[in-house]
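Report on the structure
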Amino acid sequence: MRNNTYLKLDSIYKKYKGYVGTKELMLEGFSNRQIAVLAEEGYLEKVCYGYYWLAGGECGKPIDYKCIEVCLSDPRAVICMDSAIYYQGGMTEEPEYLSVATQRTDRSLLNMNFLIKRHYFSDKNFKTGIRKRDTEFGSYNIYDVERSVCDMMRFEQKIQIEIMDKVRENEQQYERVLQYAKLLRIRQPNS
C-alpha cells in the first residue's frame with residue numbers, strides 16, 4: 001500500500017479513540033480493500049461486523065471492552081447476571097463467559113472474539129433495571145446489581161455468598177432485590 005494510506009491512518013488514530021466503524025473509515029477515504037489489508041497487517045482489529053479496534057493506536061483496550069463490543073454488535077443487548085455484577089464491582093473474579101441478555105425476538109448474530117452466554121428474556125420485563133454506561137470508548141447497557149441477583153436466582157445459578165451478604169448489609173439494596181423478585185415472580189431470596 002502507498003505511504004499516504006498509512007499517513008491517513010495516523011490521522012484516524014488522532015481523530016478517533018479506540019473503536020471506529022467501517023462507515024467512518026470510508027468517509028475518511030479508505031476503500032474496503034485498504035481496510036482489509038490494514039486488518040491483516042494488524043493496524044485494525046475486527047471486533048464485529050462494521051467495527052474495528054484501532055490496534056495500532058496508543059491506548060489499550062479498556063477493562064470493560066467486552067461489554068462495549070457486544071453492544072457495538074447488537075445495541076439492544078444488555079450485560080446481565082454474573083457479568084453485570086462483576087463489571088459493577090460486586091465480584092473480584094471475571095466470569096468465564098460474558099452473560100448477555102436479549103429479547104426473545106432479537107436474532108442478531110453475536111459473533112465475538114470471546115466467549116458469551118446468551119440469555120433470551122421476555123419482552124414484558126426486559127427493560128426493567130437497565131442502566132446505560134457511557135465510557136470514553138463507547139457505551140453499553142447493563143442490568144443493575146439487584147436485577148442481576150434476581151436473574152441468577154431465577155435461572156438457579158450459584159450466587160457467591162459474599163454477593164448476597166453485601167446485598168443484605170445494604171438495606172435499600174436488599175429492598176430493591178425484594179421488589180425485583182416480586183416483579184419477576186421469584187421466590188424471596190433467603191439463601
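Our subject is the structure that appears above.
Residues numbered from 1 in each chain as written. Predicted model: local features only at pLDDT ≥ 70, side-chain atom pairs only at ≥ 80, totals over all residues. Heavy atoms only, no water.

Read across the open sheet, the 5 strands follow the order β6-β5-β4-β8-β7; overall the sheet is mixed. At either end of the open sheet lies a strand with only one pairing partner, and these are β6 (116-121) and β7 (130-134). Looking at chain direction, β7 and strand β8 (residues 139-143) are connected through 5 bridges and run antiparallel. The partner of arginine 133 across the bridge, within β8, is tyrosine 140. (Pairing = 2+ DSSP bridges. Helix = DSSP H or I, 4+ residues; strand = E, 2+ residues; numbered from the N terminus.)

Examined against the element boundaries, lysine 124 turns out to sit in the loop between β6 and β7. When its relative accessible area of 61% is taken as the criterion, lysine 124 is described as exposed. In the structure, lysine 124 is positioned 21 residues away from glutamine 103 in sequence and 9.5 Å away in space, judged by C-alpha atoms. (Buried < 20%, exposed > 50% of the residue type's maximum accessible area, 1.4 Å probe, protein only.)

This part covers the nonpolar core. One finds Val70, Ile79, Leu98, Ala101, Tyr140 and Cys150 to be the most contacted residues of the largest nonpolar core, which totals 40 residues. Going through the elements one at a time, β2 (45-48), α4 (65-73), β4 (78-79), α5 (81-87), β5 (98-103), β8, α6 (145-154) and α8 (171-183) are the ones with two or more residues in this core. Those residues in contact with valine 70 that sit more than four places away from it in its chain are Ala77, Leu98, Val100, Leu110, Met112, Phe114 and Ile116. Of all hydrophobic cores here, the second largest spans 11 residues; its members include Leu9, Phe30, Ile35 and Tyr52. (Core = buried A, V, L, I, M, F, W, Y, C linked by side-chain atoms within 4.5 Å. Contact = heavy atoms within 4.5 Å.)

Turning our eyes to something else, we now look at unusual backbone geometry. Even without being glycine, methionine 81 reaches a positive phi, approximately 45°. Look at methionine 81 and you get buried, because its relative accessible area is 0%.

This model, assessed by the stated rule, comprises 6 aromatic pairs. Arranged with centres 4.9 Å apart and planes meeting at 75°, the rings of tyrosine 86 and tyrosine 87 form a pair that is edge-to-face. Across the pair, tyrosine 87 and tyrosine 86 agree in class, each one buried. Aromatic ring contacts, followed pair by pair, group Tyr19, Trp53 and Phe137 into a single cluster. The ring of tyrosine 120 is capped by arginine 107, whose NZ or CZ atom sits 4.8 Å from the centre of that ring. Positioned over the ring face of tyrosine 97 is lysine 117, at 5.4 Å from the centre of the ring. (Phe/Tyr/Trp six-rings, centres within 6.5 Å; stacked < 30°, edge-to-face > 60°. Lys NZ or Arg CZ within 6 Å of the ring centre and 35° of its normal.)

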